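Residues per chain are reported as follows:
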Amino acid sequence: MRNAWHLGKIFGIKIYIDSSWLIIFALVTWTLAGQYFPSQNQNWPLLLNWFLGITASLLFFASVLAHELSHSLLAIHQGGKVKNITLFIFGGVAQIGEEPDKPLKEFIIAFAGPLASIAIGIISGAIWWFFHEVSLPLASIFRYLAIINIALAVFNLIPGFPLDGGRILRATIWGFTKNLKLATRIASISGKVVAFLLILWGTRLIFSGLTLNGIWMIFIGWFLYNAATSSYRHLLVKDALREVRVEDLMITNFDTVPPGLSIQQLVDDYILRHRDRGFLVIEGGLVQGIVCLEDVKKMPKERWGNTTIRDIMITKNQLEKVSPGDDAGVVLAKLTAKNIHQIPVVQENRVKGILRRNDILNYLQLHTDLGVKTN
Ligand SMILES: [Zn+2]
C-alpha cells in the first residue's frame, strides 16, 4: 500500500487513510467554511465558519467510514473476510477477501452501504429539525450531513459496476441467469456508460464556468471507467485460469548459467542468443539463484566485463518459488504484484521448471481470444 496511515481497528478491521484523502478533506472543509456555513448566516465570524467546516468535514468522513463498515460487517456476517477499510480521494473502499460466492450474499453486502447512508441521512435530518430553532450552527452541521449522506446513497445506487448499485444489478442478473460472467459483463458495461455520462456532464460543467466541479466529475468518471474495465478483466482472468496449474504452463527445457560467468558473457551468449529474460544459476547441480535482465540493467555497461553473475543474482535465500501444483491464477497475481518476470518451479528442493509471466499472459490471450481452453 502506498502512503497510508493506520488509524486503528474497529470490529477487528484495520482502518487506513490514504494520503490522497487529505486533498478531498481540504477541498470539502474549504467549501464548507467558505461557502456553505456563510450561506446559513452571513454574520458568523470567520473562526466559527472554519470550526464548523472542519467539524462537518470530519463527520462526513465518519459517515463514509460507517458506509464502508456496514458493507464489511455484512460481509463478515455472510462468512467473508475483510482485510481493511481505506479512505481515499474518491471516498472509501473495503477490501473484502473473496468475492461473494452467491448472488444473494452480494446483494445484501452491496445494499448495506447505501442503507447505512440513508439511515445516517434520516437521523441527521431529524437532529436538524429538533435543533434548527435552538442552535443554528449545530443544526447547520446536521443539515449538511443529511444532504450529503442521502446524496452519497443516491450516487452509490447508480447501477454501474463497481458502484454499489452496479453490484446490486450484477447480483440480480446473476440470481436470475445463474451466469456470473454474463452478469458481470452487463454490470460493467453499464458502469462504463455511467462513467461516460459523468465525463460528459463534467465537460458541460466546465463550459458553463463551474470548472472545479467539472474537473471533479471527469475525475470520478475516469476512475469509474477504469474500475469497471479492470473488474471485468479480473473475472475473465480468474475464469480462464480456473483449474490451470503451474505445471501446465511452466517450461522444462530451460537454460542455466554458472555463477562465475561475467555479465558481458551472460548478455552476449545467453540473453541475446536465447532471447530469454532470466536464467537459473546452477552450480554443482544445485540452484544458487536466478539472474534476470532487470538485474543486468541496474549495472553500468562499463562494468559488465569485470562483474560476475554471482554479484548481481537474486540468491536462493531471497528467491521466490512456486510448486508445480500451485494455482496459475494465484501465481499470476503474485508475479504481477511483485513485478517478477519469471519464477522457478520447485518440488522437494529440485527445480522442475521455470514459469514465465509472459507464458501465463499468452495462455490467457489465446484463451480469451478463442473462447476455449487450450489444454
Ligand atoms: Zn458502498
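The structure presented is a predicted model; accordingly, all values stated were derived computationally and were not measured.

A. Structural view of the overall build of the protein chain. Secondary structure summary: the protein chain contains 13 helices and 10 strands in total. Computed over the C-alpha atoms, the radius of gyration of the protein chain is 27 Å, more than 25% above the 21 Å expected from 2.2 N^0.38 for a compact globule of 375 residues. Summarising its shape, the C-alpha atoms of the protein chain cover approximately 85 × 55 × 45 Å along the three principal directions. Taking the intrachain contacts of the protein chain between residues at least 6 apart in sequence as the baseline, contacts between residues at least 24 apart amount to 61%. Just so you have it, the protein chain exposes about 21000 Å², and 61% of that area is on carbon and sulfur atoms. Looking at the protein chain, you have 36 positive and 27 negative side-chain charges, and the mean spots of the two groups are 4 Å apart.

B. Main features of helix α9 (residues 263–274). Regarding α9, the residues found buried are I263, L266, V267, Y270 and I271. Relative to the axis of α9, the buried residues are bounded by an arc of 130° and lie together on one face. Of the exposed residues in α9, the ones pointing more than 90 degrees away from its buried face are L272 and R273. Where α9 terminates, the next one or two residues include R275, which has phi positive at roughly 55°.

C. Inspection of the coordination of the zinc ion at higher detail. The protein atoms that coordinate the zinc ion are H67 (NE2), H71 (NE2), D164 (OD) and D164 (OD), at distances spanning 2.0 to 2.6 Å. Within one chain, the residues donating to the zinc ion are spaced in sequence as H-x3-H-x92-D. Placement of H71 in helix α2 (residues 46–77) and of D164 in helix α5 (residues 164–177) is noted, with a sequence separation of 93 residues between them. We note that H71, like D164, is buried.

D. The arrangement of the packing of helix α1 (residues 21–40) against helix α4 (residues 136–156) in detail. One can describe the packing of α1 onto α4 by two numbers: an axis separation of 11 Å at closest approach and a directional angle of 125°. Between α1 and α4, the angle is such that the two are oblique. The handedness of the crossing between α1 and α4 comes out as right-handed. Where α1 approaches α4, its residues V28, L32, Y36, F37 and Q40 are matched on the opposing element by L136, S140, I141, R143 and Y144. Residues of the contact of α1 with α4, tallied by class, amount to seven nonpolar, two polar and one charged.

E. Region of interest: a nonpolar patch on the surface. Taken together, the side chains of L104, F107, F111, L115, I118, I122, I150, V154 and L157 make up a nonpolar region of the molecular surface, amounting to roughly 770 Å² of accessible area. Secondary-structure elements contributing two or more residues to the nonpolar patch are α3 (103–131) and α4. Tallying contributions element by element places α3 first for the nonpolar patch, with six residues. Mapped onto the elements of the fold, L157 is located in the loop between α4 and α5. In this structure L157 comes out as partly exposed when scored by relative accessible area, which is 32%.

F. Looking closely at the sheet that holds strand β5 (residues 256–257). As summarised here, the arrangement of the four strands in space is β5-β6-β7-β8, forming an open sheet in which the pairing is mixed. Since the sheet does not close on itself, it has two edges, and those belong to β5 and β8 (314–315), each with one partner. Pairing geometry for strand β7 (residues 286–292) and β8, over two bridges, is antiparallel. Bridge pairing in β8 places G289 opposite T315.

G. Spotlight on the pattern of salt bridges. Applying the stated criterion across every chain yields a total of seven salt bridges. Of the charged contacts, one joins E106 and R170 as a salt bridge, the two residues approaching to 2.9 Å between their closest N and O atoms. Here R170 lies in helix α5 and E106 lies in helix α3, a separation of 64 residues in the sequence. Judged by its relative accessible area of 3%, R170 is buried. With its nearest N and O atoms 3.6 Å apart, the salt bridge here joins E283 to R310. Taken together, the residues E283 in strand β6 (residues 278–283) and R310 in helix α11 (residues 309–312) connect sequence positions 27 residues apart. On the basis of relative accessibility, which here comes to 37%, the residue E283 falls in the partly exposed class. On the basis of relative accessibility, which here comes to 43%, the residue R310 falls in the partly exposed class. Connected via shared salt-bridge partners are E106, R167 and R170.

H. Focus on the packing of aromatic side chains. According to the stated counting rule, one finds 11 aromatic pairs in the structure shown. With 5.7 Å between their ring centres and 50° between their planes, Y36 and Y144 make a pair best called tilted. A residue pair is termed long-range when its members are at least 10 positions apart, and Y36 in helix α1 and Y144 in helix α4 qualify at 108 residues. Exposure class is identical for Y36 and Y144. Each is buried. Between Y270 and F279, the ring centres sit 5.6 Å apart and the planes meet at 75°, which makes this aromatic pair edge-to-face.

I. A look at the side chain of D295. You can see D295 is positioned in helix α10 (residues 293–297). Among the residues examined, D295 registers a relative accessible area of 8% and is labelled buried. A polar atom in the side chain of D295 sits 2.9 Å from the backbone nitrogen of C292. With sequence-adjacent residues up to four places away left out, D295 is seen in contact with I290, I312 and I314.

J. Up close: the domain arrangement of the protein chain. Its domain assignment divides the protein chain into domain 1 (1–157), domain 2 (167–240) and domain 3 (246–370). A C-alpha centroid distance of 22 Å is found between domain 1 and domain 2. Counting residues at the interface gives 17 residues for domain 1 and 13 residues for domain 2. Summing both partners gives a buried area of about 1300 Å² for domain 1 against domain 2, and 79% of it is carried by carbon and sulfur.

What counts and what doesn't
Residues numbered from 1 in each chain as written. Predicted model: local features only at pLDDT ≥ 70, side-chain atom pairs only at ≥ 80, totals over all residues. Heavy atoms only, no water. Helix = DSSP H or I, 4+ residues; strand = E, 2+ residues; numbered from the N terminus. Rg over C-alpha atoms; globule rule 2.2 N^0.38 Å. Contact = heavy atoms within 4.5 Å. Areas by Shrake-Rupley, 256 points an atom, 1.4 Å probe, with all protein chains shown as cover. Lys, Arg positive; Asp, Glu negative; His and termini not counted. Charge placed at Lys NZ, Arg CZ, Asp CG, Glu CD. Buried < 20%, exposed > 50% of the residue type's maximum accessible area, 1.4 Å probe, protein only. Arc of directions from axis to C-beta. Donors = N, O, S within 2.8 Å, 3.2 Å for Na, K, Ca; no water. Axes fitted to C-alpha atoms, helices over the stretch in contact; angles between N-to-C directions. Parallel < 35°, antiparallel > 145°, perpendicular 65-115°, else oblique. Left-handed = near helix turned anticlockwise from the far one by under 90°. Nonpolar A, V, L, I, M, F, W, Y, C, P; charged D, E, K, R; others polar. Patch = residues over 30% accessible without salt bridge, like charges linked within 9 Å, V, L, I, M, F, W, Y side chains within 5 Å. Salt bridge = Lys/Arg side-chain N within 4 Å of Asp/Glu carboxyl O. Pairing = 2+ DSSP bridges. Phe/Tyr/Trp six-rings, centres within 6.5 Å; stacked < 30°, edge-to-face > 60°. Polar contact = N/O pair within 3.5 Å; in protein donor to acceptor, adjacent residues only side chain to side chain. Domains from an automatic or database assignment. Buried area = accessible area lost by both parts, 1.4 Å probe.

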